[in-house]
Amino acid sequence: MDIAKTAENIRSGDRRALARAITLVESTRAQDRTTAAQLLAALGRDRSALRIGLSGTPGVGKSTFIESFGQMLTGQGKRVAVLAVDPSSTRSGGSILGDKTRMDLLSRDPNAFIRPSPSQTQLGGVARRTREAIALCEAADFDVILIETVGVGQSETAVAEMSDLFLLLLAPAGGDELQGVKRGIMETCDMILVNKADGDLKQQATRTCADYAGALHLLRKRPQDPPEFPKAVTVSALHRDGITAAWDDMQTLINWRRDAGVWDKRRADQARFWFHEEVRAGLLARLTGDAIVKAQLATLESAVQQGEIRPTQAAEQIINDLLGPQLNVKS
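Peer 1: It is not clear to me how the side chain of Thr35 should be interpreted in this structure. Could you clarify?
Peer 2: Assignment of secondary structure puts Thr35 in helix α3 (residues 30-43). Assessed through its relative accessible area of 17%, Thr35 is described here as buried. Ignoring anything within four residues of it in the chain, the contact list for Thr35 reads Met1, Ile3 and Leu24.

Peer 1: I'm lost on the environment of Arg207 in this one. Help?
Peer 2: Examined against the element boundaries, Arg207 turns out to sit in helix α8 (residues 202-218). A polar side-chain atom of Arg207 sits 2.6 Å from a polar atom in the side chain of Gln204.

Peer 1: What is the right way to read the packing of helix α2 (residues 15-26) against helix α6 (residues 130-139) from this model?
Peer 2: Geometry of a packed helix pair, given as the angle between the helix axes and the separation of the axes. As a packed pair, α2 and α6 sit with axes 9 Å apart at the nearest point and diverge in direction by 155°. Taken as axis vectors, α2 and α6 run roughly antiparallel relative to one another. Between α2 and α6 lies a crossing whose hand is right-handed. Side by side, α2 and α6 meet where Leu18, Ala21, Ile22 and Val25 of the first sit next to Glu132, Ala133, Leu136 and Cys137 of the second. Looking at the contact of α2 with α6 residue by residue, the class counts come to 7 nonpolar, no polar and 1 charged.

Peer 1: What is the right way to look at the sheet that holds strand β6 (residues 191-194) in this model?
Peer 2: With parallel pairing, the 7 strands of this open sheet are ordered in space as β3-β2-β4-β1-β5-β6-β7. The open sheet has two edge strands with one neighbour each: β3 (112-118) and β7 (231-234). The average angle at which neighbouring strand axes cross in this sheet is 20°, direction not considered. In the packing of α2 onto the sheet, the strands contacted are β2 (80-86) and β3, and the crossing angle to β3 comes to about 20°. Set on the sheet, helix α9 (residues 243-260) makes contact with β1 (50-56), β5 (165-170), β6 and β7; between it and β5 the angle comes to about 150°.

Rules used in this analysis
- Residues numbered from 1 in each chain as written.
- Predicted model: local features only at pLDDT ≥ 70, side-chain atom pairs only at ≥ 80, totals over all residues.
- Heavy atoms only, no water.
- Helix = DSSP H or I, 4+ residues; strand = E, 2+ residues; numbered from the N terminus.
- Buried < 20%, exposed > 50% of the residue type's maximum accessible area, 1.4 Å probe, protein only.
- Contact = heavy atoms within 4.5 Å.
- Polar contact = N/O pair within 3.5 Å; in protein donor to acceptor, adjacent residues only side chain to side chain.
- Axes fitted to C-alpha atoms, helices over the stretch in contact; angles between N-to-C directions.
- Parallel < 35°, antiparallel > 145°, perpendicular 65-115°, else oblique.
- Left-handed = near helix turned anticlockwise from the far one by under 90°.
- Nonpolar A, V, L, I, M, F, W, Y, C, P; charged D, E, K, R; others polar.
- Pairing = 2+ DSSP bridges.

Take it as geometry only, folks, not as evidence of what the structure does.
Take a look at the structure:
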């Protein structure tokens, strides 16, 4: 790959160059990882887009909402990129990558770019290299980047560590009010959007929204945000009702954070978080890729399977063999 030429094409808005670059950064081959690092370095960090993470259970209407929301943004002259993470099979490792087919109108919009990616073995609802795909879309001068997560439930919070706003999409009558006070994803979202607030479900959606709005007040307040946030609102992605009002609320929160200096601090904290994540993942990859370590792991795995040693003891043994026993550990 010609790094300089590819970087130039991405900056000029070449969709094919952007798609190929995302494929490159998602590759696990050592040579591709080196080339990807060189490409990202060549692109620099001179551009920044609004990053919006979107989560919700399967069937809640995430793709329909993204299409309506994305078309509203492109109608305002904004360029929108959608990074949709598709669940990978735990058996075959494959993914359908069918999110783009649900956004037929948005996929044909010249101001929109949609890229589905497999989650592979990554937990938390996002793909391992989603952060790098975001950087590529920012270099391509997109104004808004929407990150659609797998939709796995309460533990799907990793997207909050790579987005400026985290939206949780819920369906009416999706559960009792106790769901609203559960920790995890409820604690990290900035706004709850109760979708399908139309037809026979409109009244139920209003009640659900009120339940969650009350639950949000019970959770820990965020002193860096306006007093009305996090908040819950109703929308109808199908009929595009409430989409513009929700966008106005998002802009209110965005402007508040920028004026209060929270925006830059949040980005810095996220960079630190992913630095530690990359160190952990890199160390594990290096260790498991070593032939001696592989052999030792296989021996201990066999011992664990036969009940000769407990999993915790086996793990401690291999860590001590590799790194040495911990000395002078302070609690």
